[in-house]
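Secondary and tertiary structure notes
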There are 2 protein chains.
Amino acid sequence: MEHLLKSVEEILALADSYEQELPPAPPALPIPLAEELASWIDHTLLKPEATAEDIKRLCAEARQYRFATVCVNPVYVSLARSLLEGSGVGVCAVVAFPLGATLPEDKAYETQRVIRNGAMEVDMVMNIGALKGQAYGLVLNDILFVAQEAHEHGAKLKVILETALLSRREKILACLFARAAGADFVKTSTGFGPGGATVEDVALMRRVVGETMGVKASGGIRSWKDARAMIAAGANRLGASAGVTILREAMSNE
Amino acid sequence: MEHLLKSVEEILALADSYEQELPPAPPALPIPLAEELASWIDHTLLKPEATAEDIKRLCAEARQYRFATVCVNPVYVSLARSLLEGSGVGVCAVVAFPLGATLPEDKAYETQRVIRNGAMEVDMVMNIGALKGQAYGLVLNDILFVAQEAHEHGAKLKVILETALLSRREKILACLFARAAGADFVKTSTGFGPGGATVEDVALMRRVVGETMGVKASGGIRSWKDARAMIAAGANRLGASAGVTILREAMSNE
């Protein structure tokens, strides 16, 4: 747990050095076979107009194809949990989504609530304005509060950076803060911002966080080709609403 | 308070009749003079990348021009409140924003928190998926929970419909549910959806809610011409990030 002891000053110094030279890329994971690919994907439906019927369809697909999780808004966590009982498919809930502009204690509360309702993974949006405004203590605390809440209850935490809004330095910093706070994954995008995952961002994030953390690519991943490119760049989880299409393409290509 | 007693069934029957024939439009309010216009505007900054510096600028402008409120994300409510102390400008906070996809009790909790931090007006996003899925009890409860929390603490509640996602019937229903739950305003848009306020939607909303509730037009209002059109259609509050431009245009036109 030495990384938990890093201060904001140490993180800023590390970001300075990473801006000059990144750590080497860890060896890329082997591209999964089609039958394994589903377990890499969070099957995602976050549109505000999604109905309970839409969530039922999402969960039926997740059960059939054995996706890692379904990723849903807080309002549908209980429903998804009950539909996926005994399937081996988890429930992933988004928190402070998609703007990330709530207070640390309120993100922690929302985290507690979604976990109580059945989420095993939590995808929180970091405080983007605090990062841009160099309020680094707040950025770190924000993730720490949620990480503590998630881990206390055995859930995993992904931190969404919304990379399309960040400079290269801000992306590096965000990864370092997420790692220092003990998050399990960094994740590129909400899908509601001005852009989605790019190969360049995924590669950068993987080099910064190293081998031991997860990198989730999300936003605009629509094909098996997209998915392969993200995995080759260093992603070990994909968020997509097109999971079924991606799987079918992967199967027909083998 | 007879409207609070309406059941879902009564509301559905009323929507049926309003779909056939709307109540007559109440007389339009006189277009305000330039010097009064500021008090009709919620001076708005909700971008996730907004920094504390941006909020300081927003509040300084609000103080100078005497806008009705500044409309900010929960993370900036305390700051805005302290910056606007004694100015007569209120703080408006968004809740469950911009997707509206959290549970009624969590929207109520978030409402309690932003009011405690200094918000006097709360703009909540309704449960759009529940409306589309015809889970009308949930739609009504969702607004009721938040209205009760807001009113207990002397705050006003606006219900954001995200009209660009709704059919005409859904817009009528949303207005009727908001009125039945005791909300103070209906509001067109988050500014993050697929479209903003339209003259047609504002006119429809005004006819459905009648004279005694507020109608806030928001999303894409960038000029004095836009503002006038919304007011002529029945809006009595405008949400805009271009408030200063709108005011200057109004002043130079008089």
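Residues numbered from 1 in each chain as written. Chains lettered and ligands numbered in written order. Predicted model: local features only at pLDDT ≥ 70, side-chain atom pairs only at ≥ 80, totals over all residues. Heavy atoms only, no water.

**Remarks on the interface of chain A and chain B**
Taken together, the contacts link 29 residues of chain A with 29 residues of chain B. With both sides pooled, the region where chain A packs onto chain B buries about 2,400 Å², and carbon together with sulfur makes up 68% of that total. Together, Pro 48, Val 75 and Leu 99 of chain A form the three largest contributors to the area buried by chain A at its contact with chain B, with a combined 26%. Counting every contact that joins chain A to chain B gives four salt bridges. (Contact = heavy atoms within 4.5 Å. Buried area = accessible area lost by both parts, 1.4 Å probe. Salt bridge = Lys/Arg side-chain N within 4 Å of Asp/Glu carboxyl O.)

**Looking at empty space enclosed by the protein**
Summed over all chains, the structure comprises four cavities of 30 Å³ or more. Its volume calculated, the largest cavity comes out at about 330 Å³. Along its surface, the largest cavity is lined by 27 residues, and Thr 102 and Glu 110 of chain A together with Ala 96, Thr 102 and Glu 110 of chain B are the ones closest to its centre. Taken together, the elements giving at least two residues each to the lining of the largest cavity come down to α5 (104-116) of chain A together with β3 (90-95) and α5 (104-116) of chain B. Considering each element in turn, the lining of the largest cavity owes the most residues, five residues, to α5 of chain B. Of the residues contributing to the lining of the largest cavity, the split by class is 15 nonpolar, six polar and six charged. By volume, the second largest cavity amounts to about 40 Å³. Around the second largest cavity, the lining residues are Lys 47, Pro 48, Ala 50, Asn 73, Val 75 and Tyr 76 of chain A together with Leu 99, Gly 100, Ala 101, Asn 127, Ile 128 and Gly 129 of chain B. (1 Å grid on protein atoms, 1.4 Å probe; cavity = no way out; pocket = protein on both sides within 12 Å on 5 of 7 lines; lining within 4 Å. Points joined across faces, edges and corners; volume = space filled by probe spheres on them. Helix = DSSP H or I, 4+ residues; strand = E, 2+ residues; numbered from the N terminus. Nonpolar A, V, L, I, M, F, W, Y, C, P; charged D, E, K, R; others polar.)

**Observations regarding the pattern of salt bridges**
Going through the model one piece at a time under the given rule, you end up with 34 salt bridges over all chains. Between Arg 113 of chain B and Asp 106 of chain A there is a salt bridge whose closest N-O contact spans 2.6 Å. Separated into two different chains, Arg 113 of chain B in helix α5 and Asp 106 of chain A in helix α5 make up a pair that spans both. Relative accessible area serves as the criterion here: at 11%, Asp 106 of chain A is assigned to the buried category. Put simply, Lys 171 of chain A and Asp 201 of chain A hold a salt bridge, and the shortest N to O gap is 2.8 Å. In this pair, Lys 171 of chain A is assigned in helix α8 (residues 168-180) and Asp 201 of chain A in helix α9 (residues 199-209), connecting sequence segments 30 residues apart. The pair Lys 171 of chain A / Asp 201 of chain A is uniform in exposure class, with both members buried. One network of salt bridges, in which partners are shared, links Asp 42, Glu 121, Asp 123, Lys 158, Lys 187, Lys 216 and Arg 237 of chain A. (Buried < 20%, exposed > 50% of the residue type's maximum accessible area, 1.4 Å probe, protein only.)

**A closer look at the sheet that holds strand β4 (residues 121-125) of chain B**
Residue and element names in this part refer to chain B. Taken together, the eight strands give a closed barrel; going around it, the order is β1-β2-β3-β4-β5-β6-β7-β8, and neighbouring strands pair in parallel fashion. Sheet twist, expressed as the average angle between the axes of neighbouring strands with direction ignored, equals 25°. Relative to β3, strand β2 (residues 69-72) is paired through four bridges, and the arrangement is parallel. Bridging from a neighbouring strand, Cys 71 pairs with Cys 92 of β3. Packed on one face of the sheet, helix α11 (residues 243-252) meets β1 (41-45) and β8 (237-240) and runs near 140° to β1. (Pairing = 2+ DSSP bridges. Axes fitted to C-alpha atoms, helices over the stretch in contact; angles between N-to-C directions.)

**Here we look at the sheet that holds strand β8 (residues 237-240) of chain A**
Residues and elements named next belong to chain A. Reading around the barrel, the eight strands line up as β1-β2-β3-β4-β5-β6-β7-β8 and close back on themselves, with parallel pairing between neighbours. Across the sheet, the axes of successive neighbouring strands diverge by a mean angle of 25°, strand direction being ignored. Relative to strand β4 (residues 121-125), strand β3 (residues 90-95) is paired through four bridges, and the arrangement is parallel. Bridge pairing in β4 places Val 94 opposite Asp 123. Set on the sheet, helix α11 (residues 243-252) makes contact with β1 (41-45) and β8; between it and β1 the angle comes to about 140°.

**A closer look at the pairing of β8 of chain A**
Both faces of β8 of chain A are covered, namely the face carrying Arg 237 and Gly 239 of chain A and the face carrying Leu 238 and Ala 240 of chain A. In terms of handedness, the path from strand β7 (residues 214-218) of chain A via helix α10 (residues 224-233) of chain A over to β8 of chain A forms a crossover that is right-handed. (Right-handed = clockwise from strand over helix to strand, strands pointing away.)

**Concerning the pairing of β1 of chain A**
Residue and element names in this part refer to chain A. The element β1 is extensively covered by neighbouring structure, given that five of its five residues are classed as buried. Of the two faces of β1, the one holding Ile 41, His 43 and Leu 45 and the one holding Asp 42 and Thr 44 are both buried throughout. Bridge count for β1 against β8 is three bridges, and the pairing is parallel. Along β8, the bridge assignment pairs His 43 with Ala 240. Sheet topology note: the β1/strand β2 (residues 69-72) ladder contains four bridges and is parallel. Bridge pairing links Asp 42 to Thr 69 in β2.

**Brief notes about the relation of the copies chain A and chain B**
Two copies of the chain are present, and they differ by a rotation about an axis and a shift along that axis. It takes a turn of 180° to lay chain A on chain B, together with a shift of 0.0 Å along the axis; the resulting RMSD is 0.0 Å. In short, the pair behaves as if placed about a two-fold rotation axis. Of the interface residues in chain A, 100% have counterparts in chain B that sit at the interface too, so the contact is made through matching surfaces. (Least-squares fit on C-alpha atoms with pLDDT ≥ 70 in both.)

**Re the packing of helix α10 (residues 224-233) of chain B against α11 of chain B**
Helix-helix packing: each pair is described by the crossing angle between the helix axes and the interaxial distance. All names here are of chain B. Taken N-terminus to C-terminus, the directions of α10 and α11 make an angle of 90°; their axes are 8 Å apart at the nearest point. Judged by the angle between their axes, α10 and α11 are roughly perpendicular. Residue-level inspection shows Trp 224, Lys 225 and Ala 227 of α10 in contact with α11, the latter providing Ile 246, Glu 249 and Ala 250. Looking at side-chain class alone, the contact of α10 with α11 contains four nonpolar, no polar and two charged residues. (Parallel < 35°, antiparallel > 145°, perpendicular 65-115°, else oblique.)

**Details of the packing of helix α8 (residues 168-180) of chain B against helix α9 (residues 199-209) of chain B**
Residue and element names in this part refer to chain B. Following both chains from N to C, one finds α8 and α9 inclined at 45°, their axes separated by 9 Å at the closest point. When the axis of α8 is compared with that of α9, the two are oblique. Our pair here, α8 against α9, has a crossing hand that is right-handed. Contacts from Arg 168, Lys 171, Ile 172, Cys 175, Leu 176 and Arg 179 of α8 reach α9 at Asp 201, Leu 204, Met 205, Val 208 and Val 209. For the contact of α8 with α9, the class distribution of residues is seven nonpolar, no polar and four charged. (Left-handed = near helix turned anticlockwise from the far one by under 90°.)

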